[in-house]
Amino acid sequence: MKKQQETRKRNVRALTGAAWFWWILLAVALAAAVGYLRVTLLAPLGGDDQVNNLRSYYELTHGSVWGLMKQEAAGIWKALTLQNSRFFPFSTLPVPLRYWFKGNIDRYRLFIIGHTLVDAALLGLLVTKATGRKRLGGALFALLPLMLCLWTDWSSNGMFSYEALPQMALCPALLAGLCMVALHKTGHWRWGVLGALLTFWTCGTYEIGYTYILMLGFLALVLEPRFWKAVRLGLPFLGGEVAALCLYVMSSRLNTSAGSQSYAGVQASFDLKEIALTWVQQMSAGFPLNTILLSDYHPTSYTAGDFFWPLVLAAVVVCFLWLGRPEPDKRQSVFLFLMGLSMLAGPAFLVGLSGKYQDGWVTWTTAYIPAAVESFGVALMVLVVLVWLFRLVRGSRYARWGMVVLAVVVILGLTACGAYQRAATRQHNGTEKRATYEFLCDSVEAGLAADVPQDSPLVCEFNVWGSDKGAQEAFFLRYGDCSRNAYHVDAWENDPQPNGEPIYFLCYARDYEGYDVAWVAHVTDDMTRYADSVKVYIQGDKVPADAILSYITLGEDGSEVWHEACLQDLPRTEPDENGDYFVTVRDDNIISRRISLWP
């Protein structure tokens, strides 16, 4: 029996001593992380992306790559020469590939996932280099996806929107941390200079970059036990931050004092009660389940993927912690925990300081985009706690069975956390929202609005983003390849702006017992209630040729008159390469919102 146990131990030591074993675990963690985070692909575009992404891709497909690079470089130069009220020249980079990612929701979300996992790998590498524990970074890389907050509204969630801006700010800060490790080990000041430039880059990307000096300060204390030597180690990085801050203040003062621009950055409000409340609420969103539980939202269905991907990630975390035994000393553990706390609290404090977000933008169930990188701090703190638990149980008298129990509890806990959040995210975002968006994209691409004159008001039932006229027009620019004078119906009804040109109304019907249908009507009144002709989009591969089109007209006595017509009996266009076509209905006083398509 003892010989079998010794043989088993030797085999385990031989396996865990092989580098390929740990690389395989990392590859498994990477695949599982992508599988777990792919749930973000379900949501449609949100926030500023509903304008910026559409316009950017249009510019890519209708201009030259070199022209785009010159345009972006000119924007960076304008910021560096202090011509903007907000100094963040590196928030966008002159890389045309960015525009290509923006052309498709799946590509765009995979880009955000990729950037997030690059940051996760850099943080894992930083922790490994700083502590000298090779397996600690691997455990963090596998743990981090499960700590990301995915459920909050995709319009203000850095895992869905804003071109991974928070992750872009974190990336050079982590690279600066690696420079600090190299500076500590080699003493070559070239690493200090490079680290200062990277810190400057972080601050010039997004305002949360200024808070990462706290993370770098605690990293210096992880590396150097003597306080004043740690301070000296961090001075070059502080210098990079001070330089960026001076330029930030100068840029805002120069441009706002002249009255040419309004300041668009963090507008501080020093109401201490509101700062504290917003700060805590924003920090709360950095934890994976808080916003879901506080909103009293509960998923009612689960898929196999909801359990499988978190289970794989949790198993990899336990393998690294149990078999790898990455145990930093007490001092390192304390400062690693404080590093994580600063990564959570720093960006959240900046949000809490802003009067804009104090005024109801941030609540217990909603948060702003820095929550995506606040979760990195949560992951680091959770990792330190898990390492402490494994070390505690390993050194106890019940180590043999205690380790098994702890491993099972950790795996079950992390799997439950990941499955609950993934199911809630999938169900909350829903495939229908994305499907509706794509149906409208297909209808406009097929030419639904092609016959609408450019200057004619085109009033749309669907809302691209907050009734914003620029967003409505960008939608037609991107998917219809045409410029349209588009309005959302709410904005139009609140403030109609007829210009003497014919008015059109674009509407759609889904989620009823009939077929999906979209149409554009030539309306006869400013409030878009009645029409004399309607162009109807038909999906040829889904709608049979003998389907019945129903519409309603208003009779002379004010009564509603129901009409039905077979698609085969209506004037129609030739099908396109996808089999889609249009039919036209002409009648008096057609109620513009009451079109349907039935078997």
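Rules behind the numbers
- Along each chain, residues carry numbers from 1 onward, in the same order as the chain's sequence is written.
- Whole-chain, interface and lining totals are the exception, using all residues; otherwise, since this is a predicted model, local features are given only for residues with pLDDT of at least 70 and side-chain atom pairs are given and counted only at 80 or more.
- Side-chain numbers come from the whole structure's heavy atoms, not from hydrogens or water.
- Among the buried residues, those of types Ala, Val, Leu, Ile, Met, Phe, Trp, Tyr and Cys that are joined through side-chain atoms within 4.5 Å form a nonpolar core.
- Think of it in three bands: with a 1.4 Å probe and only protein chains considered, a residue is buried below 20% of the maximum accessible area for its type, exposed above 50%, and partly exposed in between.
- Contacts are assigned to residue pairs that have any heavy atoms within 4.5 Å of one another.
- A run of H or I in DSSP counts as a helix once it spans at least four residues, and a run of E counts as a strand once it spans at least two, with each numbered from the N terminus.
- Axis definition: a line fit to C-alpha positions, over the contact stretch in the case of helices; interaxial angles, taken between N-to-C directions, run 0 to 180 degrees.
- Oblique is the label for any angle not covered by the other classes, which are roughly parallel (under 35 degrees), roughly antiparallel (over 145) and roughly perpendicular (65 to 115).
- Two helices that cross are described as forming a left-handed crossing if the nearer one is turned anticlockwise from the farther one by less than a right angle, and a right-handed crossing if clockwise.
- Patch definition: residues with relative accessible area over 30% and no salt bridge; like charges joined within 9 Å; nonpolar side chains (Val, Leu, Ile, Met, Phe, Trp, Tyr) joined within 5 Å.
- The accessible surface values rely on the Shrake-Rupley method and a 1.4 Å probe; as for residues, cover is taken only from the protein chains in view.
- The rule for a salt bridge is simple: a side-chain nitrogen of Lys or Arg has to be within 4 Å of a carboxyl oxygen of Asp or Glu.
- Lining residues are those with an atom within 4 Å of a point, where the points come from a 1 Å grid over the protein atoms alone and group into cavities, where a 1.4 Å probe fits but cannot get out, or pockets, open sets with protein on both sides within 12 Å along at least five of seven lines.
- Grid points are joined across faces, edges and corners, and a volume is the space filled by probe spheres set on the points.

Draft legend 1. Broad picture of the nonpolar core. Counting 101 residues, the largest nonpolar core has Phe 376 and Leu 383 as its most contacted members. Contact partners of Phe 376, with chain neighbours within four places excluded, come to Thr 116, Asp 119, Ala 120, Leu 123, Leu 144, Leu 148, Leu 170 and Met 343. Grouped together as the second largest cluster of nonpolar side chains are 34 residues, Val 452, Phe 475, Phe 476 and Leu 506 included.

Draft legend 2. Up close: helix α7 (residues 134-147). Of all the 14 residues making up α7, 12 are buried; the element is thus mostly covered by neighbouring parts of the structure. Residues of α7 that are buried include every one of Leu 136, Gly 137, Gly 138, Ala 139, Leu 140, Phe 141, Ala 142, Leu 143, Leu 144, Pro 145, Leu 146 and Met 147, and no others. Close packing links the buried residues of α7 with α2 (19-37), α6 (105-131), α14 (304-323), α15 (330-353), α17 (371-394) and α18 (399-429).

Draft legend 3. Summary view of the packing of helix α3 (residues 49-62) against helix α20 (residues 469-479). Where α3 meets α20, the axes come as close as 8 Å, and the angle between the chain directions of the two elements is 30°. The angle between α3 and α20 falls in the class roughly parallel. As α3 packs across α20, the resulting crossing turns out to be left-handed. Between α3 and α20, the contacting residues are Gln 50, Val 51, Leu 54, Arg 55, Tyr 57 and Tyr 58 on the first element and Gly 470, Ala 471, Glu 473, Ala 474, Phe 475, Leu 477, Arg 478 and Tyr 479 on the second.

Draft legend 4. Layout of a nonpolar patch on the surface. A grouping of Phe 227, Trp 228, Val 231, Leu 235, Leu 238 and Val 242 is seen on the molecular surface, where their side chains present a nonpolar patch of about 610 Å² in accessible area. Inspection of the secondary structure puts Trp 228 in helix α11 (residues 227-257). Judged by its relative accessible area of 67%, Trp 228 falls in the exposed class.

Draft legend 5. Region of the structure containing the layout of surface pockets. Here the largest pocket defines a volume of roughly 1300 Å³. For the lining of the largest pocket, the leading source of residues is α3, giving 6 residues.

Note that all results are geometric; they support no functional claim without further evidence.
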